[in-house]
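# Reading the structure
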Amino acid sequence: MTHPPIPWFGPIVGDDEKAALADVIDSGYINDGNVTREFERRVAAQVGVKHGVAVTSGTTAITLALMGMGIGPGDEVLVPDLTFIATANAARLSGASVKLVDVEWDRFSIDPERVREAIGPNTRAIVPVDVNGRGADYQALSNICRMHDLVMVCDAAEAFGSRHGGKALGTYGDAGCFSFSANKTVTCGQGGMITTDNTVLYERLLELKDQGRRVQGSGGNDLHPVMGYNFKLTNLQAAVGLVQFDRLALRLGQARERDAKFFQRLDGIGGIDVSRLGGNSESVLQWSDALFDDSGAVEKALSEANIGCRPFWYPLHRQAPYMASPELFPVATEISARGLWLPSHFDLTAQDIERVASVVSAAIGA
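Below or above, wherever it landed, is the structure these notes cover. (Residues numbered from 1 in each chain as written. Predicted model: local features only at pLDDT ≥ 70, side-chain atom pairs only at ≥ 80, totals over all residues. Heavy atoms only, no water.)

### Things to note about the sheet that holds strand β10 (residues 272-273)
Strand pairing in a sheet relies on backbone hydrogen bonds, with the paired strands running either antiparallel or parallel. Definition in use: Only when DSSP finds a minimum of two bridges between them are two strands counted as paired. Secondary structure follows DSSP: runs of H or I at least 4 residues long count as helices, runs of E at least 2 residues long count as strands, and numbering of each begins at the N terminus. We call two residues in contact when some of their heavy atoms are within 4.5 Å. All axes here are fitted lines through C-alpha atoms, helices being fitted over the stretch that makes contact, and every angle between N-to-C directions spans 0 to 180 degrees.
Judged by pairing direction, the sheet is antiparallel, and its 4 strands sit side by side in the order β10-β11-β13-β12 without closing on themselves. The sheet terminates laterally at β10 and β12 (310-311), the two strands that pair on one side only. Taken together, the 2 bridges between β10 and strand β11 (residues 289-292) define a ladder with antiparallel strand orientation. Bridged to Ile 272 within β11 is Phe 292. Helix α11 (residues 330-338) contacts β10, β11 and β13 (339-341) of the sheet and is inclined by roughly 50° relative to β13.

Laid out in structure tokens, this is it:
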């Protein structure tokens with residue numbers, strides 16, 4: 001019997017997005033404008049902060065947040081070894097150097113104890129990552145930042161709508177940074193947002209994203225009092241994001257149900273660790289994740305069954321721009337080798353989950 005494919009993930013866009021795009025096109029103004037401002041307001045309100053600044057990507061968001069806090073050449077930024085490479089690249093784009101730090105086993109996020117050990121004379125900032133919607137240990141990290149006068153810019157790219165310690169992710173540190181790329185709960189195709197309660201930082205971000213201007217200019221005889229660049233999010237992209245935003249609550253609920261079903265079906269089976277899918281009432285995961293004693297066999301079995309999945313990132317110490325000894329990062333190395341993101345798309349059914357679980361169980365001989 002041939003089963004239909006089960007995709008890993010992907011955006012769902014349709015007639016509502018087309019209509020929103022048509023409205024922007026009909027308006028005659030497709031650049032960064034009133035629609036982008038509305039998107040910023042809604043994201044800031046959702047997170048619970050004063051300010052949102054829309055930019056071209058999550059990578060740009062991290063870079064500009066660091067630059068806005070004065071981070072640049074000669075400074076060192078601490079970045080977790082287990083993250084998408086964009087986190088480290090964003091820090092490098094600010095002009096700073098990057099030092100990798102190992103991660104915690106339970107949350108996959110940067111380990112505060114290793115952070116303490118990594119701080120050196122040039123360390124000026126830390127970029128914790130809320131991996132797959134799980135908050136880092138912000139109590140410990142905040143204490144470290146206060147003690148050592150460090151800037152903290154939080155990579156919440158995968159955490160829109162998730163919470164930690166009674167607060168929305170994106171509210172910790174000096175700034176939170178979100179991504180609205182194609183594989184996110186809310187997508188603009190590409191795009192990012194910086195969220196903050198720091199009004200001084202907010203005003204500097206406006207300058208950095210728009211050629212040194214805090215208010216929209218004409219492109220002609222405007223004044224540009226400080227250095228800035230062009231990292232604007234257009235009304236076209238924001239229009240798609242606003243339509244997607246209206247589905248946020250539904251999609252967060254679907255993600256909770258999806259993870260609960262995977263946990264119920266796979267928990268307790270030898271060779272599989274799905275413990276992080278259960279028990280946390282605050283976190284909403286972007287994708288269902290699991291660790292396997294033999295992730296290669298599971299990935300192969302899923303592929304042969306026409307079921308999509310995605311292996312965890314390689315640790316950054318294995319990437320050419322950040323090459324370092326694996327002995328320095330034992331936790332990140334093991335998690336990367338064992339981790340898979342299971343099918344997590346918005347149309348996933350209970351029958352799909354059962355089929356995935358059956359293939360996974362067979363692959364490990366359960």
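Here the narrative resumes.
### Looking at the nonpolar core
Applied cut-off: Note on terminology: a nonpolar core comprises buried Ala, Val, Leu, Ile, Met, Phe, Trp, Tyr and Cys residues joined through side-chain atoms within 4.5 Å. For each residue, the accessible area found with a 1.4 Å probe, counting protein chains only, is set against the maximum for its type, and the residue is called buried under 20%, exposed over 50%, and partly exposed in between.
Of all hydrophobic cores here, the largest spans 45 residues; its most connected members are Leu 66, Val 77, Val 79 and Ile 194. A per-element tally of this core places helix α3 (residues 58-68) first, with 5 residues. Not counting the four nearest positions on each side in its chain, Leu 66 is found in contact with Ile 71, Ala 91, Ser 94, Ala 125, Val 127 and Val 153. Judged by nonpolar contacts, the second largest core, of 44 residues, contains Ala 136, Phe 160, Ala 168 and Phe 178.

### Brief notes about the pattern of salt bridges
This is how it is decided: The salt bridge definition used is simple: a Lys or Arg side-chain nitrogen within 4 Å of an Asp or Glu carboxyl oxygen.
Using the criterion set out here, one finds 28 salt bridges in the structure. Notably, a salt bridge pairs Asp 32 with Lys 209, separated by 2.9 Å at the nearest N-O pair. Of this pair, Asp 32 sits in the loop between α1 (15-27) and α2 (34-47) while Lys 209 sits in helix α7 (residues 199-209), placing them 177 residues apart in sequence. You'll find Asp 32 and Lys 209 in the same group, each marked buried. Ionic pairing is found between Arg 338 and Glu 334, a salt bridge with its closest N-O pair at 3.4 Å.

### Structural notes on unusual backbone geometry
Residue Phe 108 is not a glycine yet carries a positive backbone phi of 65°. Within the secondary structure layout, Phe 108 lies in the loop between β3 (97-101) and α5 (112-118). A relative accessible area of 1% places Phe 108 in the buried class. One non-glycine residue, Asn 132, adopts positive backbone phi at about 55°.

### Re the side chain of Arg 338
As for its placement among the helices and strands, Arg 338 is situated in helix α11. The buried category is assigned to Arg 338, whose relative accessible area is 15%. With near-sequence residues (within four places) excluded, Arg 338 lies in contact with Trp 105, Asp 273, Ala 290, Leu 291, Phe 292, Asp 293 and Ser 295.

### Considering the packing of α2 against helix α8 (residues 235-245)
The line we're drawing: Left-handed describes a crossing whose near helix is turned anticlockwise from the far helix by less than a right angle; the clockwise case is right-handed. Side-chain classes are defined by residue name, with Ala, Val, Leu, Ile, Met, Phe, Trp, Tyr, Cys and Pro counting as nonpolar, Asp, Glu, Lys and Arg as charged, and the others, Gly among them, as polar.
Two elements in contact, α2 and α8, have axes whose closest approach is 8 Å; the angle formed by their N-to-C orientations is 40°. Relative to α8, the crossing made by α2 is left-handed. Of the residues in α8, those touching α2 at Asn 34, Val 35, Thr 36, Glu 38, Phe 39, Arg 42, Val 43 and Gln 46 are Asn 235, Ala 238, Ala 239, Gly 241, Leu 242 and Phe 245. Grouping the amino acids of the contact of α2 with α8 by side-chain chemistry returns 7 nonpolar, 5 polar and 2 charged.

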